Amino acid sequence: MPETARACPNCHTTLPLGASFCYVCGTATPPSIDRATGEFVSPSGPSLSLDEMARRLRRVLGASYDLGDTIGSGGFAIVFKARDVRLKREVAIKVARPEFSLDAQMLQRFRREAEAIAALRHTHILPIFDVGEGEGLAYIVMPFVHGESLKARLEREPKLPVPLARRILLQAADALGTAHEVGLVHRDVKPDNIMLERRGDRVLLMDFGIAKAVDAGIDGTSGPLTSTGLVIGTPHFMSPEQAMGERALDHRTDQYALAVVAYRMLAGVLPFDGPTIRAVLTKQLVGECEPLTRVRPEVPEALSAAIARAMAKEPNDRFATMDDFAAAVRADPDYVSEMLASHASGAFPPLATRETPREGAPVAAEDATGGTGAARGGERRATPPTHTTETGVG
């Protein structure tokens, strides 16, 4: 008898076999939608049991890593905790789901995206230690972060204090702005992919390029997924142009998604929701959300206005750059008083306007224990994070 159901990889809710999103938690399984029919499309590649995936991964990794238990899962990947045997440090290994037909082009795209992110060296972007593939698996090795995802924080505390929400917004915007400067677009900004370190709630943005790499091979074709009329992403945080399946997504799609995250942090609810994924996508395209100041009156007008502009339906009506968005957030008169008060109390570390060194500037060099030392000159120092049991995955 043919199989008619599958389990959500995140909350394990029983779903129809063809479901691409869990109706309970919204996890992508995988996130692909046929624009012509409005139906969800499942990946065509073979699936593996978790035990078989772990066995294959151990063989691929060899003696370099001691593989532990799974610590997270999502529509795109499974995350394992591991120990780097040579450098004696905890790491997280994210493995792309084999259902995504890992052909040669996708593997090349996967490596290229990982290399680009590894080169950024930004204090609010989760670094990449290694990337590899074998036995039908593609994986990325990252630090193990002691902390939690923004999604987990919001599940405990649906509405964040305005100063904390603003700080998370600015740190994530700073990370995205740096990536945009070198032509990298995240494409799947959401609370699951924003990590908060246990010490000081420092933001660490993760999963750059995974959606884009999957986009190149989810249906086993050599061209991008959107060329076949399919769309990937997370519906509640998807920009209108992404929901329409546009191929040439630029940095402004990340700006929209981050503004939705900011709205969720401050309002305690999503700006666009509905009983079905189709309903959510329709609202993303044509719906108007309740103004933040009406949902939560203590949100400053300037902050609400900046978030509303970043969520404009037309990309040209948004801010030109992520830095412009951040500047509008900082322009709020309440921001200066918040920062002065928080710095005086020692509650928040200072915020830089850009953390990534420019060409020729000294950068932080990672040592064998996962800490850093100045590679040249010592003017800039950053402490690379260490991955969480609350790992967010795409």
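Look up a bit, the structure's there.
I will try to describe carefully the structure that is included in this document.

Scoring rules and cut-offs
- Residues numbered from 1 in each chain as written.
- Predicted model: local features only at pLDDT ≥ 70, side-chain atom pairs only at ≥ 80, totals over all residues.
- Heavy atoms only, no water.
- Helix = DSSP H or I, 4+ residues; strand = E, 2+ residues; numbered from the N terminus.
- Buried < 20%, exposed > 50% of the residue type's maximum accessible area, 1.4 Å probe, protein only.
- Areas by Shrake-Rupley, 256 points an atom, 1.4 Å probe, with all protein chains shown as cover.
- Salt bridge = Lys/Arg side-chain N within 4 Å of Asp/Glu carboxyl O.
- Phe/Tyr/Trp six-rings, centres within 6.5 Å; stacked < 30°, edge-to-face > 60°.
- Lys NZ or Arg CZ within 6 Å of the ring centre and 35° of its normal.
- Contact = heavy atoms within 4.5 Å.
- Pairing = 2+ DSSP bridges.
- Axes fitted to C-alpha atoms, helices over the stretch in contact; angles between N-to-C directions.
- Patch = residues over 30% accessible without salt bridge, like charges linked within 9 Å, V, L, I, M, F, W, Y side chains within 5 Å.
- Parallel < 35°, antiparallel > 145°, perpendicular 65-115°, else oblique.
- Left-handed = near helix turned anticlockwise from the far one by under 90°.

1. Considering the overall build of the protein chain
Argument step 1. For the protein chain, the helix and strand inventory stands at twelve helices and 14 strands.
Argument step 2. Across the 394 residues in the protein chain, those meeting the buried criterion constitute 54%.
Argument step 3. In the structure as shown, the protein chain presents an accessible area of about 16600 Å², 52% of it carried by carbon and sulfur atoms.

2. Comments concerning the pattern of salt bridges
Argument step 1. Following the criterion strictly, the structure yields 17 salt bridges and no others.
Argument step 2. The salt bridge partner of Lys-151 is Asp-192, with a shortest N-O separation of 3.5 Å. Separated by 41 residues along the polypeptide, Lys-151 in helix α3 (residues 150-156) and Asp-192 in the loop between α4 (162-181) and β10 (194-197) bring together distant segments of the chain.
Argument step 3. The buried category is assigned to Asp-192, whose relative accessible area is 16%.
Argument step 4. The partner of Asp-332 in a salt bridge is Arg-166, and the shortest N-O contact between them spans 3.3 Å. Here Asp-332, found in the loop between α11 (322-330) and α12 (333-345), pairs with Arg-166, found in helix α4; they are 166 residues apart in sequence, far enough to count as distant. Arg-166 shares its class with Asp-332; the two are buried.
Argument step 5. Through salt bridges with shared partners, a single network forms among Glu-148, Arg-153, Arg-156 and Asp-201.

3. Brief notes about the packing of aromatic side chains
Argument step 1. One pass over the full model with this rule turns up one aromatic pair.
Argument step 2. The ring of Phe-144 carries Lys-81 above its face, with NZ or CZ at 4.4 Å from the centroid.
Argument step 3. Of note, Arg-89 hangs over the ring of Phe-129, and the distance from its end group to the ring centre comes to 3.7 Å.

4. Considering the side chain of Arg-153
Argument step 1. In this fold, Arg-153 is placed in helix α3.
Argument step 2. With residues up to four places along the chain from it excluded, the contact list for Arg-153 reads Glu-148, Leu-160, Leu-164, Leu-196 and Asp-201.

5. Points about the environment of Ala-310
Argument step 1. Residue placement: Ala-310 occurs in helix α10 (residues 301-310).
Argument step 2. Residues Ala-310 and Ala-257, 53 residues apart in the sequence, show an inter-C-alpha distance of 8.7 Å.
Argument step 3. Excluding anything up to four places from it in sequence, Ala-310 contacts Gln-255, Tyr-256, Ala-259, Arg-318, Phe-319 and Phe-325.

6. A look at the sheet that holds strand β5 (residues 77-84)
Neighbouring strands of a sheet are bound in pairs by backbone hydrogen bonds; such pairs are parallel or else antiparallel.
Argument step 1. Reading across the sheet, the five strands line up as β4-β5-β6-β8-β7 and stay open at both edges, with antiparallel pairing between neighbours. Because the sheet does not close on itself, it has two edges, and the strands there are β4 (65-73) and β7 (130-134). Strand-to-strand twist across the sheet, computed as the mean angle between neighbouring axes with direction ignored, equals 30°.
Argument step 2. The sheet contacts of helix α1 (residues 50-61) involve β4, β5, β6 (89-96), β7 and β8 (137-143), and relative to β4 the element is tilted by about 145°.

7. Structural notes on a nonpolar patch on the surface
Argument step 1. A surface patch of nonpolar side chains, about 270 Å² in accessible area, is lined by Met-244, Leu-285 and Val-286.
Argument step 2. Of note, Met-244 is situated in the loop between α6 (240-243) and α7 (251-267).
Argument step 3. A residue is classified by how much of its surface remains accessible, and Met-244, at 45% relative accessible area, is partly exposed.

8. Quick word on the pairing of β7
Argument step 1. Inspection of the sheet shows β7 paired to β8 by five bridges, in the antiparallel sense. Its bridge partner lying in β8, Val-131 is registered against Ile-140.
Argument step 2. Joining the antiparallel neighbours β7 and β8 is a turn of two residues, in which Glu-135 adopts a positive phi near 50°.

9. Side note on the packing of α4 against α11
Argument step 1. α11 packs onto α4 with a crossing angle of 160° between their chain directions and a minimal axis gap of 8 Å. By the criterion of interaxial angle, the relationship of α4 to α11 is roughly antiparallel. Two packed elements cross with a definite hand, and for α4 against α11 that hand is left-handed. Contacts between α4 and α11 involve Arg-166, Leu-169, Leu-170, Ala-173, Leu-176, Gly-177, His-180 and Glu-181 on the former and, on the latter, Met-322, Asp-323, Phe-325, Ala-326, Val-329 and Arg-330.

10. A few points about the environment of Ser-73
Argument step 1. You can see Ser-73 is positioned in strand β4.
Argument step 2. For the pair Ser-73 and Arg-97, spaced 24 residues apart in sequence, the C-alpha to C-alpha distance is 9.6 Å.

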